[in-house]
Amino acid sequence: MKVLVPVKRVIDYNVKARVKADGSGVDLDNVKMAMNPFDEIAVEEAVRLKEAGSVSEVVAVSCGVAACQETLRAALALGADRAVLVNTDVELQPLAVAKLLKALCDRELPSLVICGKQAIDDDSNQTGQMLAALLDCGQATFASKVKLEGGSAMVTREVDGGLETLSLELPAVITTDLRLNEPRYATLPNIMKAKKKPIDTLTPAELGVDVAPRLKTLKVVEPPTRQAGEIVPDIATLVSRLKNQAKVI
Amino acid sequence: MSILVIAEHDNRTLKGATLNTITAAAAIGADIHVLVAGSGCSAVAEAVSSINGVIRVLLADAPHLDALLAEDLAKLVTQLAGGYSHVLAPATAFGKNFLPRVAALLDVAQISDVVAVESANTFVRPIYAGNALATVSSDDPVKVLSVRATAFEGAVGGGGSAPITPITAPAGFARTRCVSRELATSERPELAGAKVIVSGGRGLGSKENYDAVLEPLADALGAALGASRAAVDAGFAPNDYQVGQTGKIVAPQLYVAVGISGAIQHLAGMKDSKVIVAINKDPEAPIFQVADYGVVGDLFTLVPELVSNLK
Ligand SMILES: Cc1cc2nc3c(=O)[nH]c(=O)nc-3n(C[C@H](O)[C@H](O)[C@H](O)COP(=O)(O)OP(=O)(O)OC[C@H]3O[C@@H](n4cnc5c(N)ncnc54)[C@H](O)[C@@H]3O)c2cc1C
């Protein structure tokens, strides 16, 4: 059984994004980039399923510029078997990515797609759900536990108020939450091995997908910043400030 | 131009974020319809019908909608969407789960986490953990928007009496089944809409400490409890207590951060609070850069002292 894992190249989560002076977007020149953390969790989960013997092949996919190959190499170093780059310089929005993944699923016929629940750059939280809709298959978002049994997946989801467990007939789409697993670090030998694993390259045109953006970004600005307040010497002063100055208690 | 808002509820009561979503809808246009889908949820429909600004309530009440699977709700909403210019849902775990499915079935973009309405086709949304605000416009025939509740006041109830129209839901999706739910009930206010929040981080050290130190403070303030990711990962608090970029977004009148360093991802979830208090032993902790009032010191002595001072 095959698992497809989409991975996105994003700003490193430790880096604070800066807005460009001309308001056209966020400045990514010379900024450290990395695999979206939720996608790392997705790769880890797929690799664990393979190690447990329930999955035979893990295919990593990235859509975007040529530099996404680095992200695919990172996925291969974590244990993915091979990778596909859907190469385009067009700004990809979630619907376009979902369509590219749908077209790829039609070729690869995976039993399971494991996506990150959200990318930490555009924070959209859409692609997995959109892909499930296009595939007309079941979905389990915000997964904190995945178990494969025969032709189905039992997935525990983080929902408001607690947890919910769904049983999904395969094929299905799962999106990962933070508690699903703790991704491993790639070892040096595995990084070396990853260099020899194959990366196929396709284009949106070869997949027959129109990826033109639907949303136009008119401007990007910095949010109003909060000013640091006062360090008070003791609790009595704090309580007095909250009562008399802030008037919130 | 009619607007469809999808209500979030538990078949008995309406969730507060729906009210904020209705206000966002009112900023777009006046003809607001609300869909209440579920099983045995007519009391929710009645509550919705009295909310000011709601013109009509659509009630899809069917046993197979009990768990309100994304597969089923998306199909229902997609069938209705042709009659609307906008489809809105709260950007909560509920809305995030099904709404992108609707957008994909309609072949339109979704605009997530809308914090301001500029016009009927132009909206503002935070990106990069709230470190940037993007103004985006859409020419799609139906605009699908998830709404960040903290950015809009809640619509008030009482005045309206919108008619309730029963509608039939399409057959259920047979390949997904809800097996079980473990939902905790709490006497405390709902985190997302709470006026006061006491939030704990890794500095608490254990679940026992989290409970023993923070509960008396939450009791004294009538507060909801929250947590950082580190505290949730370590099992100090349940997952739905997580405040932040990838957890809940909150904006209470008062947010008390205890033993939380103030990582970008945490700040993304609480920096719009009216007043922020930080208690941390590290004077360099980034949380102090956003706090209105900070106390530097050991939380295990400061928090009990705060509790006794409040009494
Ligand atoms: C993809 C991704 C998503 C994330 N999403 C979120 C999110 O939604 N929400 C979130 O919160 N985080 C999120 N994080 C994690 C975030 O980066 C931080 O790791 C996390 O917020 C740190 O939690 P913390 O402040 O409790 O722990 P720490 O950073 O370890 O801080 C603990 C603080 O406690 C203080 N302390 C310790 N002992 C005491 C004492 N006795 N008295 C007083 N103070 C004390 C310390 O000085 C320190 O400042 C995310 C990370 C990633 C990669």
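Residues numbered from 1 in each chain as written. Chains lettered and ligands numbered in written order. Predicted model: local features only at pLDDT ≥ 70, side-chain atom pairs only at ≥ 80, totals over all residues. Heavy atoms only, no water.

### Points about the pattern of salt bridges
- Evaluation of the coordinates by the stated rule reveals 29 salt bridges over all chains.
- Its salt-bridge partner being D122 of chain A, residue K8 of chain A comes within 3.4 Å of it at the nearest N-O pair. Of the two residues, K8 of chain A is situated in the loop between strand 1 (2-6) and strand 2 (9-11) and D122 of chain A in the loop between strand 6 (112-116) and helix 4 (127-135); the sequence distance between them amounts to 114 residues.
- We classify K8 of chain A as partly exposed; its relative accessible area is 28%.
- Its salt-bridge partner being R229 of chain B, residue D233 of chain B comes within 2.8 Å of it at the nearest N-O pair. A residue pair is termed a helical-turn pair when its members lie 3 or 4 positions apart in one helix, as D233 of chain B and R229 of chain B do in helix 6 (residues 229-233) at four residues.
- For D233 of chain B, a relative accessible area of 38% translates into the label partly exposed.
- The network of salt bridges with common partners includes K2, E57, R82 and E108 of chain A. (Salt bridge = Lys/Arg side-chain N within 4 Å of Asp/Glu carboxyl O. Helix = DSSP H or I, 4+ residues; strand = E, 2+ residues; numbered from the N terminus. Buried < 20%, exposed > 50% of the residue type's maximum accessible area, 1.4 Å probe, protein only.)

### As for the site of the ligand
- In the vicinity of the ligand, 28 residues are found, and the nearest of them are R202, S228, Q242, S261 and N280 of chain B.
- Residues lining the ligand come from chains A and B.
- Contacts to the ligand include R229 of chain B, whose backbone N or O atom sits 3.0 Å from an oxygen atom.
- Coverage of the ligand by the protein chains reaches 85% of its 990 Å² of free accessible surface.
- Every element with two or more residues in the shell around the ligand is listed here: helix 1 (37-51) of chain A together with helix 6, helix 7 (264-270) and helix 8 (299-310) of chain B. (Near = heavy atom within 4 Å. Polar contact = N/O pair within 3.5 Å; in protein donor to acceptor, adjacent residues only side chain to side chain. Areas by Shrake-Rupley, 256 points an atom, 1.4 Å probe, with all protein chains shown as cover.)

### Some remarks on the nonpolar core
- Among the nonpolar cores identified, the biggest contains 56 residues, and I6, L35, L73, V77 and F98 of chain B are the most heavily contacted of them.
- Of all the elements, helix 3 (residues 94-108) of chain A adds the most residues to this core, at nine residues.
- Apart from the residues within four sequence positions on either side, L35 of chain B is in contact with L4, V5, I6, A7, L58, A60, L73, L76, V77, L80 and I167 of chain B.
- Judged by nonpolar contacts, the second largest core, of 44 residues, contains C68, L76, L166 and I174 of chain A. (Core = buried A, V, L, I, M, F, W, Y, C linked by side-chain atoms within 4.5 Å. Contact = heavy atoms within 4.5 Å.)

### So, the interface of chain B and chain A
- Counting residues at the interface gives 82 residues for chain B and 76 residues for chain A.
- Of the roughly 6,800 Å² buried between chain B and chain A, counting both surfaces, carbon and sulfur atoms make up 53%.
- Ranking the residues of chain B by area buried against chain A places Y128, R175 and Y293 of chain B at the top, with a combined share of 12%.
- Taken together, chain B and chain A are joined by eight salt bridges.
- A salt bridge links R214 of chain A to D107 of chain B; its shortest N-O distance comes to 3.1 Å. (Buried area = accessible area lost by both parts, 1.4 Å probe.)

### A closer look at helix 2 (residues 68-78) of chain A
- Every buried residue of helix 2 of chain A is listed here: C68, T71, L72, A75, L76, A77 and L78 of chain A.
- Two residues or fewer after helix 2 of chain A comes G79 of chain A, characterised by a positive phi angle close to 130 degrees.

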